[in-house]
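What the coordinates show
So you can see what is in the structure, the chains are spelled out below.
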Amino acid sequence: MYFSAARTEAFVRELLGLMFADPAHESSLPLLDSVDVFIIPDHVTVAGVVAQVAHHHHHHQILVGAQDCHNEDAGAFTGAVSPAVLAEVGCRLVELGHAERRRLFGETDASTAAKAAAVVRNAMVPLVCVGEVTPPPPTSSSRQERDDDDDDDDDGNDDEPHVVAAADEVLVQVRSALAAVPADADVVLAYEPVWAIGASAPAAVDHVRAVVRRVRASDAVRARAPGRTRIVYGGSAGPGLFARLAPEVDGLFLGRFAHDPAQFFRTVCEVAQAPW
Ligand SMILES: O=C(CO)COP(=O)(O)O
């Protein structure tokens, strides 16, 4: 709810202009071969954004998503949005269980899981938001993004207690959602530490990498078909972050720092050009 309908339209127009720039210049087509881009506007503008994107030849690599849906396809649920209708109008991804949905609208792991099943049933991809509520202790190096690229011990055995606690909290959410969808369905897990959303800086790189490593190593993720579970990071994400999170993290989920199409496009290029 940051944008008016007019601003959403203008945003998408500008972004497509950047992505499908004159091929003689920085052609974005090879770029789009190596990365999937999603745009998740409000429900009212989903169909309009689908129409804008569909004008472009390579539109298949731009997924238009919705920010929520109901878990039933049809019925007496006044005011709710049907996943079947979202699919019908060309929506390909549905964000579920965002921290704000959980905090302000009473969403739970159970409601998120039921919606994830509904999204897959309608041949769309669930983008399930997960993240711990409590920030690391103030003295912790995990608390804030800064330039201390400590060497990582990759086995996870040396993870600090708050990393282990964060991953355990996240894994409850992950297990619930993954139990509701077939092992071979595409799923995107958006790791968004609640305390890093709407903040001035993302969570510290070491924290994100350690939590994501634990999620990836979990039984719930390892039991899934190979290549079907992508994990992206969100929470004050923007340009300059991805190269420091990869290869643990597959991509980014931007909020405010994507509101400028040029910044968003720059971030997409960084992800596309990363050597992983
Ligand atoms: O919640 C987010 C994406 O849904 C992240 O928002 P910000 O990038 O504005 O912190």
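Keep in mind that what you see is a predicted model, and the values were worked out from it rather than measured. (Residues numbered from 1 in each chain as written. Predicted model: local features only at pLDDT ≥ 70, side-chain atom pairs only at ≥ 80, totals over all residues. Heavy atoms only, no water.)

1. Concerning the site of the ligand
Glu 95, His 98, Glu 192, Ile 197, Gly 198, Gly 235, Ser 236, Phe 253, Gly 255 and Arg 256 make up every residue found near the ligand. Taking His 98, its side chain carries an N or O atom lying 2.6 Å from an oxygen atom of the ligand. Contact distances for the ligand include 2.9 Å between an oxygen atom and a backbone N or O atom of Ser 236. Considering the ligand on its own, with 310 Å² of exposed area, one finds that the protein chains cover 91% of that surface. Among the residues forming the shell around the ligand, the class breakdown is 2 nonpolar, 5 polar and 3 charged. (Near = heavy atom within 4 Å. Polar contact = N/O pair within 3.5 Å; in protein donor to acceptor, adjacent residues only side chain to side chain. Areas by Shrake-Rupley, 256 points an atom, 1.4 Å probe, with all protein chains shown as cover. Nonpolar A, V, L, I, M, F, W, Y, C, P; charged D, E, K, R; others polar.)

2. Notes on the pairing of strand 3 (residues 93-96)
Alternating residues of strand 3 divide into Leu 93 and Glu 95 and Val 94 and Leu 96, and every residue in both groups is buried. As paired strands, strand 2 (residues 62-66) and strand 3 are joined by 2 bridges and run parallel to one another. Within strand 3, the residue paired with Gly 65 across the bridge is Leu 93. Taking the sense of rotation as the criterion, the β-α-β connection linking strand 2, helix 4 (residues 83-88) and strand 3 turns out right-handed. Pairing of strand 3 with strand 4 (residues 125-130) involves 4 bridges; the strand directions are parallel. The partner of Leu 93 across the bridge, within strand 4, is Val 125. (Buried < 20%, exposed > 50% of the residue type's maximum accessible area, 1.4 Å probe, protein only. Helix = DSSP H or I, 4+ residues; strand = E, 2+ residues; numbered from the N terminus. Pairing = 2+ DSSP bridges. Right-handed = clockwise from strand over helix to strand, strands pointing away.)

3. Concerning the packing of helix 6 (residues 109-121) against helix 7 (residues 161-178)
Here helix 6 crosses helix 7 at 35°, and the two axes come no closer than 8 Å. Crossing hand, helix 6 versus helix 7: right-handed. In contact with Asp 109, Ala 110 and Ala 113 of helix 6, helix 7 contributes Val 172, Gln 173, Ser 176 and Ala 177. A per-class count over the contact of helix 6 with helix 7 returns 4 nonpolar, 2 polar and 1 charged. (Axes fitted to C-alpha atoms, helices over the stretch in contact; angles between N-to-C directions. Left-handed = near helix turned anticlockwise from the far one by under 90°. Contact = heavy atoms within 4.5 Å.)

4. Some words on the sheet that holds strand 1 (residues 37-39)
The strand order 1-2-3-4-5-6-7 describes an open sheet built from 7 strands, whose pairing is parallel. The sheet is open, and its two edges are formed by strand 1 and strand 7 (251-253), each paired on a single side. The mean inter-strand angle of the sheet, taken between neighbouring strand axes irrespective of direction, is 35°. Pairing analysis gives 4 bridges linking strand 4 to strand 5 (residues 187-191), with the strands arranged parallel. Residue pairing for strand 5: Cys 129 is matched across the bridge by Ala 190.

5. Points about the packing of aromatic side chains
Inspection of the entire model under this criterion finds 4 aromatic pairs. Their ring planes at 65° and their centres at 6.3 Å tell us that Tyr 191 and Tyr 233 sit as a pair that is edge-to-face. Within this pair, whereas Tyr 191 is found in strand 5, its partner Tyr 233 is found in strand 6 (residues 229-234), the two being separated by 42 residues in sequence. Here Tyr 191 falls in the buried class, since its relative accessible area comes to 2%. Through successive ring pairs, a cluster of aromatic residues spans Phe 3, Phe 11 and Phe 264. Over the ring of Phe 105 we find Arg 101; its NZ or CZ atom is 4.1 Å from the centre of that ring. (Phe/Tyr/Trp six-rings, centres within 6.5 Å; stacked < 30°, edge-to-face > 60°. Lys NZ or Arg CZ within 6 Å of the ring centre and 35° of its normal.)

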